[in-house]
Protein chains: 2
Amino acid sequence: MPYAIDETHDPNLESWVESANDPETDFPIQNLPYVAIELQDHHHGNEPYCDTGVAIGDHVLPLVPALVEAERQNMRGIADPWKMTNNFGRLSAADHVAIRRALSQLLAKGNPSESVLCDKLLHGQSSRHYFPVHLRSQPDTVGAACLHDYTDFYASVYHATNVGSMFRPDNPLLPNYKWIPVGYHGRASSVVPSGTPIRRPSGQLSPAEDGGAPSFGPCKLLDYELELGVVMGRGNELGSSIPIGEAEDHILGVCLLNDWSARDMQKWEYVPLGPFLAKSFATSVSPYLVTMEALAPFRAPAMLRPEGDPKPLPHLFDEHDQAQGGIDITLEVLLASEQMRDKGMDPIKLSSGSFKDMYWTIAQMVTHHASNGCNMQPGDLLGSGTVSGPTRGSRGCLLELTWDGDPFAKEPKLVPGTERTPIRLPTGEERKFLGDGDEVILRGYCERDGYRRIGLGECRGVIEPAAT
Amino acid sequence: MPYAIDETHDPNLESWVESANDPETDFPIQNLPYVAIELQDHHHGNEPYCDTGVAIGDHVLPLVPALVEAERQNMRGIADPWKMTNNFGRLSAADHVAIRRALSQLLAKGNPSESVLCDKLLHGQSSRHYFPVHLRSQPDTVGAACLHDYTDFYASVYHATNVGSMFRPDNPLLPNYKWIPVGYHGRASSVVPSGTPIRRPSGQLSPAEDGGAPSFGPCKLLDYELELGVVMGRGNELGSSIPIGEAEDHILGVCLLNDWSARDMQKWEYVPLGPFLAKSFATSVSPYLVTMEALAPFRAPAMLRPEGDPKPLPHLFDEHDQAQGGIDITLEVLLASEQMRDKGMDPIKLSSGSFKDMYWTIAQMVTHHASNGCNMQPGDLLGSGTVSGPTRGSRGCLLELTWDGDPFAKEPKLVPGTERTPIRLPTGEERKFLGDGDEVILRGYCERDGYRRIGLGECRGVIEPAAT
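Reading the values: rules and limits
Residues numbered from 1 in each chain as written. Chains lettered and ligands numbered in written order. Predicted model: local features only at pLDDT ≥ 70, side-chain atom pairs only at ≥ 80, totals over all residues. Heavy atoms only, no water. Pairing = 2+ DSSP bridges. Helix = DSSP H or I, 4+ residues; strand = E, 2+ residues; numbered from the N terminus. Contact = heavy atoms within 4.5 Å. Axes fitted to C-alpha atoms, helices over the stretch in contact; angles between N-to-C directions. Buried area = accessible area lost by both parts, 1.4 Å probe. Nonpolar A, V, L, I, M, F, W, Y, C, P; charged D, E, K, R; others polar. Salt bridge = Lys/Arg side-chain N within 4 Å of Asp/Glu carboxyl O. Buried < 20%, exposed > 50% of the residue type's maximum accessible area, 1.4 Å probe, protein only. pLDDT = per-residue confidence, 0-100. Least-squares fit on C-alpha atoms with pLDDT ≥ 70 in both. Phe/Tyr/Trp six-rings, centres within 6.5 Å; stacked < 30°, edge-to-face > 60°. 1 Å grid on protein atoms, 1.4 Å probe; cavity = no way out; pocket = protein on both sides within 12 Å on 5 of 7 lines; lining within 4 Å. Points joined across faces, edges and corners; volume = space filled by probe spheres on them. Domains from an automatic or database assignment. Parallel < 35°, antiparallel > 145°, perpendicular 65-115°, else oblique. Core = buried A, V, L, I, M, F, W, Y, C linked by side-chain atoms within 4.5 Å.

1. Let's talk about the sheet that holds strand E5 (residues 129-130) of chain A
All names here are of chain A.
- Pairing is antiparallel across the open sheet formed by five strands, whose spatial order is E4-E3-E2-E1-E5. Two strands lie at the open edges of the sheet, namely strand E4 (122-123) and E5, each paired on one side alone.
- Sheet topology note: the strand E1 (residues 34-39)/E5 ladder contains two bridges and is antiparallel. Looking at E5, one finds that alanine 36 is bridged to tyrosine 130.
- Against the sheet, helix H1 (residues 63-72) makes contact with E1, strand E2 (49-56) and strand E3 (59-62), and its axis sits at roughly 60 degrees relative to E3, the strand it touches most.
- Its contacts with the sheet put helix H3 (residues 93-107) on E1, E2 and E3, and the angle it makes with E2 is roughly 70 degrees.

As C-alpha cells, this is what we get:
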C-alpha cells in the first residue's frame, strides 16, 4: 500500500516558497498536486504549449528541472527525470512515492535547491493553469498522457435516490444500484479546463405532456453536477482485470469535475441508452491533480451500508478498502450571477458535502470498470457522479437543491414552472436552474486535526447564451 | 454535394493491377477504400508500424508514393502529397474527390504510372491490414487521425422494436424513438481491428428472479451486433453545430462494425444510465474504409416513415437527405464454430439485410450528435446500431434471431433456457448465443445494375474462453 502517511505529511514542514506557508493556501508543501502551465517560447515556434509542474503556494515549479535537481542531490528513487515526467502512466506506485518525497525535500525550507530552483518558479498569476493530462481543448502538454476515455459513475446513493424519485417516482432506486457501481461512458472531446466558458446547449426538450411533440431550442433547465474526477495512472491490458486490492495503485490522483447537465434534454433522451447530448456539450475539470499520496491522512472508512443492504460481491469487496476506501474531501459549490459580479458581491455557497458519503469507493469503481476485461489507459478520467450527502445542504446539483423535497411525490418535477423552490440570490434574483452569465465555482479541501489543510483548488465556468 | 457519380464509377474501367479486375473482388478500381498496412523497417527502429494505403484487388498501394506520382503527372487538385496524407481530418470534400480521381487515373489500365508504382504495391497476404484511423490496440499509423471518441446509435426501428419487446415487453418502442436518433457514448479504448480474438467477458449476470442476487462469472449470453461504422473526417468546434445539409461533407467513409454484446450483463446493468460493461470489452472494425465518394452509385431514399410517424424536426430534415440519405449496402453475418473450421466446413450465413432499411440516416445521426455543440473530431467512430430489417432473415444479432418471434410476449426472453429457437450448425451443434471458438464474420457489399459491385471486406473475430 503506497499511500501511507510519512514525513511529507508533517504539519510543521514549511517551504522556502513563502506563499506555500500561508494558512489559507490550497497548496502547502504537504499537497504538491500536478498542474500544466501554459508557456510560449521559440523552442516551440512561439506556439502556446503546456509543461507539467507542481503547484506550491501561488507558484508552479516545472517538474523536469525539479527532478534534475533531485537527481543531482542523489535523492532516493529519482533516475532519468526526463523519462519520469514523460508519461505518468508508465510510473509505478514506488516512483510516485519517490517523486513526492523528492519534491517535498527540494521545496522544504533550508534545502540548498532554493538557489537553483527559485529562478524556475512560475508565478500562478502569470500563466494559465491547465489540466496535467492532455485534453483536446487545451494546448499540447509536453509528454503528458492524453485523456482518451471518460467514464461517469453514479456513486452517491443520496443523489441516485433523489434523482430517481424525480425521473421515476414509482421506482427511484433500481435493483442493480446496491450491487453495481453504475456508470456510463461520457464524451471525452468536450472535457474542458476550468475557466472555459460554457455555452448553453440547444437540443430536443421534453414534450410538456405525454405523447406531445418535443421542441428544439436552448436548454431551459441547465444544471451543474458537483463531482470528484479520478485520473488513471497505469492501465491494464485488454482482456485482463484489476483486482480490488491493487485498484488504487492504478490511480494518479483526483480533481474537481463539473458534469454540466441539460435536464430537459436528459429527461427526453435518456431512455433506454442513457444520457448523451444532455451531458456531452461540456464537462469542466480543475487543473490540479491531487495525488493519492497527498490524500493519505484524509482516508476514511467506506460508507457504512444500511442494515439490509447486500454485501458487495467478492470481486468488489476488500477489507482494507472497507476500512480506508473513503476520502474525507469537503466539496462545495458556489454561485455568482453576472449582476452579483458586476456589483462586486462575493459568490454565495449553495452546498457543502463530503466525498466520504459515497456508496461506492474509487477502488470499487475502477475494479468494476475493468472486470469485463475493458482496458483502462493512462490519463483516463472517471467522474464519481454527483456528490450528494444525506442532508439538504449537501445536495450536489440544482435539480436536487430546488426540488420541493418530497422524494415520493407522484408527479415528476422536471417540468418548468412546477413547484420548485427557487434559490434567492443577494441581488434579489431567483434561480431554479442556471441563468446566462452565472458562474459556478466548485471547491474542495481536506482538513483533519494534526494535519495541514490541503485543497483541490477551484473548477470554474461561466454560462454563455445559446448560439443563435 | 461532392458525392456525385462520375467517371471513377464507370463499370468498364479496369486496372493494371490484375486482381482488381476479378469479378469477385471487393476492391475493384471503382472502390479504392483506405486501409492501414503493417510495415517494419530500420527507419522505425524495426518496430512494427502502419502506413496508409488504398486497397486494390489483392494488393495495397501506399498513399504517399501514389500521390507523389499523381503530383508528378500534374493531376488536378493534388498538391503536397505528404500533407494530404498526414491527417485526413484536415482535408476538404474537394480534396477527397481529387484524391479519388487521381488514384483512379493512376491505377487505370494504360496509365504510365504502372512502371513507377508496381514496385510499391504490397500484396495483401504479406502484411496484416489495420484500420486506417489509429486505434490504441494496433501499431501506430503514420500521420493518421486517432480514434478519440466512439458513439453507438440505435437507428434500426426493427432492431429497436424487437429488442424493446424483450427488455420492456410493455413498452417496446419508447416515445423519443421517432424524434431522436438515439445513441450513447461507447468505449474507445477497446475498439479493435478485425482478426483480434475476442475474450468472453466476465461480469455481473442478471439474477434469475426479481429481487434475487446477481452472480459474477463468464457471460453466458454472448452476442454479436451487425453494424455499419461511420468515420468522421472534418470535425466541428466546441459550441458549434453541423447543419444537416453539410453533414455528409464531414464523413470520411464507412466500415463494418461488430458491437459484441453480453446480454446477461446488459439486462442487469443498463438501467438507468445505458449499456456499459456489456459492450466495453470489445468492438471490432473491418480495416477498409469505403469512402462516401465510392458509395455514390448506391445511394437510396431514406426509409419511408410509416403513416402516422412524425416528420423529423426541422434541424433533422433535409429534402436531399430524404431523397438520397440512405445507402443500399447489403450486410451479412456468417458463423463458423471451431468444429466446423476443424472439419474444413464453410461458415454458414445467419442473416442478410440492407443499410437502406435504417430509420435514421447518417446525416441525421451526425447533425443530432453535434446539435448541442458537442465537438466531433477527425477519426471519431459512429456505430449505426444493429442493422435489422423487417424480415426474420435480416435480423442483425442472435438476440433477435433465436427469439421465439412473438414481439408482444409478456415474458422477457433473456433468461437462459427459455423458449429460444436455437440455430443448428452443420456439425449438429446448436447455438442460442455464441460459444467459445465460434468465429463471427461480417460482410458488406453494394450491387446495382449498370455499376461495378464494390465490397466492404470482412470483419472477423473468434471467441476465446473467459479468463480464469
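2. Brief notes about unusual backbone geometry
Residues and elements named next belong to chain A.
- In the segment running from valine 271 into proline 272, the intervening peptide bond is cis, with an omega of 0 degrees.
- Looking at the secondary structure, you find proline 272 in the loop between helix H6 (263-269) and strand E16 (283-285).
- The backbone phi angle of asparagine 46 is positive, close to 60 degrees, even though this residue is not glycine.
- Relative to the helices and strands, asparagine 46 resides in the loop between E1 and E2.

3. Description of the interface of chain A and chain B
- In this complex, chain A contributes 58 residues to the contact, which on the side of chain B involves 58 residues.
- Contact between chain A and chain B buries roughly 5,400 Å² in total, counting both sides, with carbon and sulfur atoms accounting for 63%.
- No other element matches the four residues that strand E7 (residues 183-186) of chain A contributes to the side of chain A that touches chain B.
- Classifying every residue of the side of chain A that touches chain B by side-chain character gives 30 nonpolar, 21 polar and seven charged.

4. Brief notes about the pattern of salt bridges
All names here are of chain A.
- A full pass over the atoms with the stated rule returns 48 salt bridges over all chains.
- Notably, a salt bridge pairs glutamate 69 with arginine 72, separated by 2.9 Å at the nearest N-O pair. Residue glutamate 69 and its partner arginine 72 are both found in helix H1; the two are separated by three residues, about one turn of the helix.
- Classification of glutamate 69 by relative accessible area gives buried; the value is 3%.
- On the basis of relative accessibility, which here comes to 57%, the residue arginine 72 falls in the exposed class.

5. Let's talk about the confidence of the model for chain A
All names here are of chain A.
- Averaged over all residues, the pLDDT of chain A equals 92, while 96% of them reach at least 70.
- This model gives residues 405-417 a pLDDT under 50, and the stretch forms 23 contacts once residues within four places in sequence are excluded.
- Across the predicted assembly, pTM comes out at 0.96 and ipTM at 0.95.

6. With respect to the relation of the copies chain A and chain B
- By a simple turn and slide, chain A fits onto chain B: the slide is 0.0 Å along the axis, the RMSD is 0.0 Å, and the turn is 180 degrees. The superposition operator between the copies reduces to a two-fold rotation axis. Distance from the rotation axis, computed per C-alpha, reaches its smallest value in chain A at glycine 274 of chain A: 2.1 Å.
- When the interface residues of chain A are mapped onto chain B, 100% of them again fall at the interface, so both copies present the same face.

7. As for the sheet that holds strand E20 (residues 330-336) of chain B
Residue and element names in this part refer to chain B.
- With respect to topology, five strands assemble into an open sheet ordered E9-E26-E25-E20-E21, the strand pairing being mixed. Of all strands in the sheet, those bounded by a partner on one side alone are strand E9 (198-199) and strand E21 (348-354).
- The sheet contact formed by strand E25 (residues 439-446) and strand E26 (residues 454-464) spans eight bridges and is antiparallel. Each bridged residue has a counterpart across the sheet, and for valine 440 the counterpart in E26 is glycine 461.

8. As for the packing of aromatic side chains
- As enumerated under the stated definition, the model contains ten aromatic pairs over all chains in all.
- A centroid spacing of 4.4 Å and a plane angle of 40 degrees characterise the contact between phenylalanine 27 of chain A and tyrosine 288 of chain A, whose relative ring orientation is tilted. Note that phenylalanine 27 of chain A is positioned in the segment before E1 and tyrosine 288 of chain A in the loop between E16 and strand E17 (290-291), a separation of 261 residues in sequence.
- Relative accessible area serves as the criterion here: at 12%, tyrosine 288 of chain A is assigned to the buried category.
- Summarising the aromatic geometry, the rings of tyrosine 177 of chain B and tyrosine 359 of chain B are spaced 5.9 Å apart at their centres and angled 50 degrees between planes, so their arrangement reads as tilted.

9. A word on the layout of surface pockets
Residue and element names in this part refer to chain A.
- What the second largest pocket holds in volume is close to 740 Å³.
- Residue assignment for the lining of the second largest pocket shows that the elements contributing at least two residues are E3, strand E25 (439-446) and strand E26 (454-464).
- Of the residues forming the lining of the second largest pocket, the biggest block, four residues, is contributed by E26.
- Classifying every residue of the lining of the second largest pocket gives eight nonpolar, twelve polar and ten charged.
- Both domains that meet at the lining of the second largest pocket, namely domain 1 (7-135) and domain 2 (150-464), each give it at least three residues.

10. Considering the domain arrangement of chain A
All names here are of chain A.
- Each assigned domain of chain A is listed here: domain 1 (7-135) and domain 2 (150-464).
- Distance from the C-alpha centre of domain 1 to the C-alpha centre of domain 2: 29 Å.
- Between domain 1 and domain 2, the residue contacts involve 33 residues of the former and 33 residues of the latter.
- When domain 1 packs against domain 2, the two sides together hide about 2,600 Å² of surface, and 64% of this comes from carbon and sulfur.

11. Some remarks on the pairing of E26 of chain B
- Note: E9 of chain B against E26 of chain B, two bridges, orientation parallel. Counted as the bridge partner of arginine 199 of chain B is glutamate 464 of chain B from E26 of chain B.

12. Here's the deal with helix H5 (residues 157-167) of chain B
Residue and element names in this part refer to chain B.
- With nine of eleven residues buried, H5 is to be regarded as a mostly interior element.
- Where H5 is concerned, the buried positions are Val157, His159, Ala160, Asn162, Val163, Gly164, Ser165, Met166 and Phe167.
- In the core, the buried residues of H5 are packed alongside helix H6 (263-269) and helix H10 (398-401).

13. Observations regarding the packing of helix H1 (residues 63-72) of chain B against helix H3 (residues 93-107) of chain B
Residue and element names in this part refer to chain B.
- The geometry of H1 relative to H3 is characterised by a closest axis approach of 10 Å and an angle of 85 degrees between their N-to-C directions. One way to sum up the angle between H1 and H3 is to call them roughly perpendicular. For the pair formed by H1 and H3, the contact residues are Leu63, Ala66, Leu67, Glu69 and Ala70 on the first element and Ile99, Ala102, Leu103 and Leu106 on the second.
- Its residues placed into classes, the contact of H1 with H3 shows eight nonpolar, no polar and one charged.

14. Quick notes on the environment of cysteine 219 of chain A
- Mapped onto the elements of the fold, cysteine 219 of chain A is located in the loop between strand E11 (215-218) and strand E12 (222-223).
- Separated by 247 residues in the primary sequence, cysteine 219 of chain A and alanine 466 of chain A place their C-alpha atoms 8.2 Å from one another.

15. Details of the nonpolar core
- Among the nonpolar cores identified, the biggest contains 173 residues, and Val254 and Ile329 of chain A together with Val254 and Ile329 of chain B are the most heavily contacted of them.
- For isoleucine 329 of chain B, the residues in contact, after removing those within four places along its chain, are Leu228, Val254, Leu295, Gly353, Ser354, Phe355, Tyr445, Cys446 and Leu456 of chain B.

16. Considerations on the side chain of histidine 148 of chain B
- You can see histidine 148 of chain B is positioned in the loop between strand E5 (129-130) and strand E6 (150-153).
- In this structure histidine 148 of chain B comes out as buried when scored by relative accessible area, which is 15%.
- Ignoring sequence-local partners within four residues, the contact set of histidine 148 of chain B consists of Arg136 and His148 of chain A together with Arg136, Ala188, Gln377, Pro378, Gly379 and Asp380 of chain B.

17. Here we look at helix H9 (residues 362-370) of chain B
- Among the nine residues that make up H9 of chain B, nine are buried, leaving the element largely enclosed by the rest of the structure.
- Contact partners of the buried residues in H9 of chain B: E6, strand E13 (226-232), strand E14 (251-258), helix H7 (319-324), strand E19 (326-327) and strand E22 (381-383) of chain B.

18. Here we look at the pairing of E1 of chain A
- Here six bridges tie E1 of chain A to E2 of chain A, and the two strands are oriented antiparallel to one another. Across the sheet, residue alanine 36 of chain A finds its bridge partner in E2 of chain A, namely threonine 52 of chain A.

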